[in-house]
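Residue-level listing of the chains:
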Amino acid sequence: MSEEHHKLESQRRENRGQVEAAGLYPYGLREDGLLTSRQVRDLHSDEADTRAAELTKAAKEGGPAGEDPRALVRFAGRVMLLRDNGKLLWLTLRDHEGDLQVAVSQKDCAPEGFALAKCTDLGDVVIAHGRVMKTRTGEITVWASALKPAAKCLVPPPEKHSGLQDVELRYRQRYVDLWANPETMQAARLRSRIVSRVRRFMEERGYLEVETPMLQTLAGGAAARPFVTHMNALDIKLFMRIAPELYLKRLLVGGMPRVFEINRNFRNEGLDKQHNPEFTMLEAYHAFGDVETVMELTEGIVRDAAAFVAGERAAPAGHAPPAEVVLPFGDLSINYSRPFDRVTYGQLFEKAWGFSMRDAQQVRDALLRLHPGLAARVNTMDHWLMVNELFEEKAERLVDPSRPTFITDYPAAISPLTRPKRDDPTLADRADLFIAGMEVAPHYTELNDPDVQEAKFREQLQGVSAEKNAEEQTFRTFDHDFVRALKVGMPPAGGMGLGIDRLVMLLTDQRTIRDVLLFPMMRPEV
RNA sequence: GAGGGUGUAGCUCAGUCGGUAGAGCAGCGGCCUUUUAAGCCGUAGGUCCGGGGUUCGAGUCCCCGCGCCCUCACCA
């Protein structure tokens, strides 16, 4: 079974044989009562060290042997550094919280433990039992009375000073990156705690967390290309969901007043710094609310999460928390304490182009100047499509990236699934939150008139068949059950979707989505 | 999709004008009971991403391909 191994691996296999030869099982056994490196550090006491020294001295002079006052601990970690002085070995072990030194001396450690230390390789996981003390040079150290194997590392570890630098290897072998580069572990833990914090924020405001299908017979709720799969038992085509929206709304129909889901969506599209094919979204619906209700919700979530991260950073205890929460993102300093800016789509448009988005003639002329090639089509093109073209060209960029900003009052024509404003049906009750140029969260007053919804579905289908894309036709389907649900009656509601990955990027100053995902999508290895 | 960068030992990286493939760390053999990237002595380690070309000679120059990173575009 064993083929040829790399030389360095073979040597490690031989060392594993030596562990067995010492009568130990290289892959370890259950160990209760383990402390983390931080807990061990906290248990150290200078006073205990002093008393221990006095006891030793007294014992030498023939006095009674007292109980060692220093804490006795069990600690497990991966061997990061190993200094072999012959009869005394120094091991630097690392766990998820940090590094801790362990000393294994021939005199004080059980013989199997000393033998183990002698054949340990960098990267092995070991368990140390011992007293917490401080060395002459002031380093908190576990002076081992026993050392046990927990796992053999057969693979040569990364270079000990620089860690694992190769970006591709870091993503592909996250299991190495996590222990070789402590920042990676920190980032992963911070993400987890941010998500947990967001969850608690929602729950405290009466939102019920639910889980809705990820395998769907129709991939609705957003305009995106889905992943297609097949279910054997029923012999049907299934789609990975692109959004949970239509299911969450069904729950409002059923009478749930406030619901949210934090989970994965799948979109069969390109990869870049802001897009991974599977990504995590918080989607929330608030019955008897509207777009304003959920804008306030998002602002609260983002501010709370930012304050949490800022608090984590201002680690030194005793310092008063800063009056304002300001977090860096690249060159930007983003202030999350101030009320988020608001600007209407129309205002931004006018600021960018110098005329109203309702001025059909000027819109057409400007678009022609921008894209002369469109001359033939410009007379038949929808006015609002042209407006949006111009908007994306110049207006979006006018938003100050360092100020979280809601863009409100989008044209209804480009927001097909949103309820038009009561006082101006050409505008939609929709607002998008932008931070640092990233679209972080859209907000809507949800459509709940079944007849309008049905018409929109139909319109969308026609829009697709009008284009030549036959493939799209196969997954843009009319969701009859959703219309049926609306016929039963869905209360008016506000809904929003917050990109969790992007939120974490912003709060943790990571420029690429891959650095906030533990296992980003990668091309398969050859 | 276009442009730029990059690929050398297990890891991190040098490699000049085209002239025998290098360092540090890790490894291996020794010595060492207070080290801190431990130290000292000795030693081994290469498909220079792949293929083709130019040349007496290619890690280096040229062409094709592949992976990864960055920028832009597209898609949403």
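In case you missed it, the structure is sitting above this.
All values reported here derive from a predicted model rather than from experimental measurement.

Caption draft 1: Just the protein's contact with RNA strand B, in detail. Around RNA strand B sit 40 residues, and of these Q11, T137, H161, A223 and R514 come closest. At a separation of 2.8 Å, a sugar or linking oxygen of RNA strand B approaches a polar side-chain atom of R136. D166 is positioned such that a nitrogen or oxygen atom in its backbone is 2.9 Å from a phosphate oxygen of RNA strand B. Counting only elements with at least two residues in the surface near RNA strand B, the list comes to α1 (7–21), β1 (72–84), β2 (88–95) and β3 (98–105). The element contributing the most residues to the surface near RNA strand B is α1, with four residues. Of the residues belonging to the surface near RNA strand B, the class tally is eleven nonpolar, 14 polar and 15 charged.

Caption draft 2: Helix α9 (residues 291–313), seen in detail. The end-to-end C-alpha distance of α9, which contains 23 residues, comes to 33 Å, matching closely the 33 Å that a straight helix rising 1.5 Å per residue would cover. Where α9 starts, the residue carrying a side-chain oxygen 2.9 Å from the main-chain nitrogen of E292 turns out to be D290.

Caption draft 3: A look at the pattern of salt bridges. Under the defined criterion, the tally for this structure stands at 38 salt bridges. The salt bridge involving D46 is made with K134; its shortest N-O contact spans 3.4 Å. In this pair, D46 sits in helix α3 (residues 46–60) while K134 sits in strand β4 (residues 125–134), placing the two residues 88 residues apart along the sequence. Its salt-bridge partner being R342, residue E292 comes within 3.0 Å of it at the nearest N-O pair.

Caption draft 4: Region of the structure containing the pairing of strand β17 (residues 438–445). Where burial is concerned, most of β17 is hidden: six out of the eight residues are buried. Across six bridges, the pairing between strand β16 (residues 430–435) and β17 is antiparallel. In the sheet register, F434 faces β17, and the bridge partner there is E439. Count of turn residues in the β16/β17 antiparallel hairpin: two residues, of which A436 carries a positive phi of about 55 degrees. As defined by bridge partners, β17 adjoins strand β18 (residues 493–499) across three bridges and the pair is classed as antiparallel. When the bridges of β18 are listed, T445 appears paired with G494.

Caption draft 5: Structural view of the layout of surface pockets. Empty space within the second largest pocket amounts to approximately 820 Å³. Elements represented by at least two residues in the lining of the second largest pocket include exactly α6 (174–180), α7 (182–204), β11 (278–287), α9 and α16 (500–508). Residue classes in the lining of the second largest pocket are distributed as eleven nonpolar, nine polar and 13 charged.

Caption draft 6: Quick look at the sheet that holds strand β8 (residues 228–231). Taken together, three strands build an open sheet; the order of strands is β7-β9-β8 and the sheet is antiparallel. Two strands close off the open sheet at either side, each with one partner strand: β7 (215–216) and β8. Bridge count between β8 and strand β9 (residues 236–240): four bridges; the pairing is antiparallel. Within β9, the residue paired with V228 across the bridge is F239.

Caption draft 7: Inspection of the side chain of E261 at higher detail. As for its position among the elements, E261 is in strand β10 (residues 258–266). The class for E261 is buried, based on a relative accessible area of 1%. A polar contact is formed between the side chain of E261 and the side chain of R241, at a distance of 3.0 Å. Not counting residues up to four positions away in its chain, the partners in contact with E261 are V210, E211, T212, R241, P244, L248, M281, L282 and E283.

Caption draft 8: Structural detail: the packing of α9 against α16. Between α9 and α16, whose axes approach to 10 Å, the crossing angle comes to 40 degrees. When the axes of α9 and α16 are compared, the pair comes out oblique. You can see that α9 and α16 cross each other, and the crossing is right-handed. Here α9 contributes V302, A305, A306, V309 and R313 to the contact with α16, which in turn contributes L503, L507 and T508. A class-by-class count of the residues in the contact of α9 with α16 yields six nonpolar, one polar and one charged.

Caption draft 9: The arrangement of the environment of V195 in detail. Considering the arrangement of structural elements, one finds V195 in helix α7. Along the primary structure V195 and D95 are separated by 100 residues, whereas in three dimensions their C-alpha atoms are 23 Å apart. Aside from chain neighbours lying at most four places away, what touches V195 is I262 and I500.

Caption draft 10: Summary view of the sheet that holds β11. Strand order in the open sheet formed by eight strands is β6-β10-β11-β18-β17-β16-β15-β14, with mixed pairing between adjacent strands. Looking at which strands have only one partner, the edges of the open sheet turn out to be β6 (208–209) and β14 (341–344). Across the sheet, α9 touches β11, β14, β15 (405–408), β16, β17 and β18, and the angle it forms with β18 is around 30 degrees. Lying over the sheet, α16 contacts β10, β11, β16, β17 and β18, oriented at roughly 55 degrees with respect to β18.

Caption draft 11: Summary view of unusual backbone geometry. Phi is positive for D235, which is not a glycine, with a value near 50 degrees. If you trace the backbone, D235 turns up in the loop between β8 and β9. Overall, the relative accessible area of 57% leaves D235 in the exposed class. For D509, which is not a glycine, the phi torsion comes out positive at approximately 55 degrees. Along the polypeptide, D509 turns up in the segment after α16.

Criteria and cut-off values
Residues numbered from 1 in each chain as written. Chains lettered and ligands numbered in written order. Predicted model: local features only at pLDDT ≥ 70, side-chain atom pairs only at ≥ 80, totals over all residues. Heavy atoms only, no water. Near = heavy atom within 4 Å. Polar contact = N/O pair within 3.5 Å; in protein donor to acceptor, adjacent residues only side chain to side chain. Helix = DSSP H or I, 4+ residues; strand = E, 2+ residues; numbered from the N terminus. Nonpolar A, V, L, I, M, F, W, Y, C, P; charged D, E, K, R; others polar. Expected span 1.5 Å × (residues − 1). Salt bridge = Lys/Arg side-chain N within 4 Å of Asp/Glu carboxyl O. Buried < 20%, exposed > 50% of the residue type's maximum accessible area, 1.4 Å probe, protein only. Pairing = 2+ DSSP bridges. 1 Å grid on protein atoms, 1.4 Å probe; cavity = no way out; pocket = protein on both sides within 12 Å on 5 of 7 lines; lining within 4 Å. Points joined across faces, edges and corners; volume = space filled by probe spheres on them. Contact = heavy atoms within 4.5 Å. Axes fitted to C-alpha atoms, helices over the stretch in contact; angles between N-to-C directions. Parallel < 35°, antiparallel > 145°, perpendicular 65-115°, else oblique. Left-handed = near helix turned anticlockwise from the far one by under 90°.

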